[in-house]
Amino acid sequence: PGVPYRFRVRALNARTAEWSPFCGTLATSTMAAVPSRPTITRATPKPQLHCVEVQWESAAGSSSAPSNNNNNSNAGDRYVLEWREKGRSMGWVRADVSNEYEASVCSRVVRELKTGKQYQFRV
C-alpha cells in the first residue's frame, strides 16, 4: 500500500506505425490498505420510536457515540450500515439513503423497525 510509481506514456499510430514522443513523467501511488472490519459495540433499542441506535468501533479502535467525538480512524474512511430481520434469508438493507458515513461518525439510527422482531446489523 502506498507504493509510489513514476511512468511515461507514448502511443503507436496504427495507420503509419510511427511512435509518438513520450509524454512528461507522471507519478502516482497504489491505494492505501483496506482497513480492518469495524466491530459493532452496542445496539440501543428505542421501541417507542421503532428504531435502534447502532454504534460501532472503527478499524482504528475508537467508537464515536453522540457524546464522544474522538475518533482515530482515517479521514477518508467511510462506512455502510446494513440490517436484516434475524432468521430471514432476505438480503441486507442499507440503513438510510445516504449509504455512507464519514469515519468521524461511528453510530447511526436505524428507523422503521417492527416491535417484537429481532434484527441483525453489519457495518
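What counts and how
- Residues numbered from 1 in each chain as written.
- Predicted model: local features only at pLDDT ≥ 70, side-chain atom pairs only at ≥ 80, totals over all residues.
- Heavy atoms only, no water.
- Pairing = 2+ DSSP bridges.
- Helix = DSSP H or I, 4+ residues; strand = E, 2+ residues; numbered from the N terminus.
- Axes fitted to C-alpha atoms, helices over the stretch in contact; angles between N-to-C directions.
- Salt bridge = Lys/Arg side-chain N within 4 Å of Asp/Glu carboxyl O.
- Buried < 20%, exposed > 50% of the residue type's maximum accessible area, 1.4 Å probe, protein only.
- Core = buried A, V, L, I, M, F, W, Y, C linked by side-chain atoms within 4.5 Å.
- Phe/Tyr/Trp six-rings, centres within 6.5 Å; stacked < 30°, edge-to-face > 60°.
- Lys NZ or Arg CZ within 6 Å of the ring centre and 35° of its normal.
- Patch = residues over 30% accessible without salt bridge, like charges linked within 9 Å, V, L, I, M, F, W, Y side chains within 5 Å.
- Areas by Shrake-Rupley, 256 points an atom, 1.4 Å probe, with all protein chains shown as cover.

Participant: Would you mind going over the sheet that holds strand S4 (residues 51-57) with me for this structure?
Facilitator: Think of a sheet as strands paired side by side through backbone hydrogen bonds, with each pair either parallel or antiparallel. Taken in spatial order, the three strands line up as S3-S4-S9 in an open sheet, and their pairing is antiparallel. Of all the strands in the sheet, just strand S3 (39-46) and strand S9 (107-110) have a single pairing partner and so form its edges. The mean inter-strand angle of the sheet, taken between neighbouring strand axes irrespective of direction, is 20 degrees. With seven bridges connecting them, S3 and S4 associate as antiparallel partners. Bridge pairing in S4 links Thr-39 to Glu-57.

Participant: Explanation requested: the sheet that holds strand S6 (residues 82-85) in the structure shown.
Facilitator: Strand order in this open sheet of three strands is S7-S6-S10, and the pairing throughout is antiparallel. With partners counted over all chains shown, the strands left at the sheet margins are strand S7 (93-94) and strand S10 (119-122), one partner each. Sheet analysis places S6 next to S7, joined by two bridges and oriented antiparallel. Within S7, the position partnered with Glu-82 by the bridge is Arg-94.

Participant: Could you clarify how one ought to interpret the pattern of salt bridges in this entry?
Facilitator: Here the structure, examined in full by the defined rule, presents five salt bridges. A salt bridge links Arg-94 to Glu-82, with the shortest nitrogen-to-oxygen separation between them at 3.6 Å. With Arg-94 in strand S7 and Glu-82 in strand S6, this residue pair connects regions lying twelve residues apart in the sequence. With a relative accessible area of 42%, Arg-94 lands in the partly exposed category. The exposure class assigned to Glu-82 is buried, which follows from its relative accessible area of 13%. Two residues, Arg-122 and Glu-82, come together in a salt bridge whose shortest N-O distance is 2.7 Å.

Participant: Looking at this structure, I do not really get the nonpolar core. What am I missing?
Facilitator: When a protein is soluble and globular, its nonpolar side chains tend to lie buried together. Membership of the largest hydrophobic core is limited to twelve residues, which are Val-52, Val-54, Trp-56, Tyr-79, Leu-81, Trp-83, Ala-95, Cys-106, Val-110, Leu-113, Tyr-119 and Phe-121. Where this core is concerned, the elements lending two or more residues are S4 and S10.

Participant: What is the right way to look at the packing of aromatic side chains in this model?
Facilitator: Aromatic ring pairs are defined here through the distance separating the ring centres and the angle between the ring planes. Tallying each qualifying case throughout the model produces two aromatic pairs. Note on Trp-56 and Tyr-79: the rings are 5.8 Å apart at their centroids and 65 degrees apart in plane angle, and the pair reads as edge-to-face. Taken together, the residues span a long stretch of sequence, with Trp-56 in strand S4 and Tyr-79 in strand S5 (residues 78-79) at a distance of 23 residues. Between the aromatic rings of Trp-83 and Tyr-119, the centroid separation amounts to 5.5 Å while the plane-to-plane angle is 75 degrees, which identifies the pairing as edge-to-face. Of the two residues, Trp-83 sits in strand S6 while Tyr-119 sits in strand S10, which places them 36 residues apart along the sequence. Residue Tyr-119 is classed as buried on the basis of its relative accessible area of 18%. Stacked on the ring of Phe-22, the Lys or Arg Arg-8 has its end atom at 4.2 Å from the ring centre. Directly above the ring of Trp-19 sits Arg-10, whose terminal nitrogen or CZ lies 4.3 Å from the centroid.

Participant: Even after reading the chapter, I still don't get a nonpolar patch on the surface, so can you show me in this structure?
Facilitator: A cluster of nonpolar residues, Val-3, Tyr-5, Phe-7, Val-9 and Leu-26, forms a patch on the protein surface that exposes about 430 Å² of accessible area. Owing to a relative accessible area of 42%, Val-9 belongs among the partly exposed residues under this scheme.

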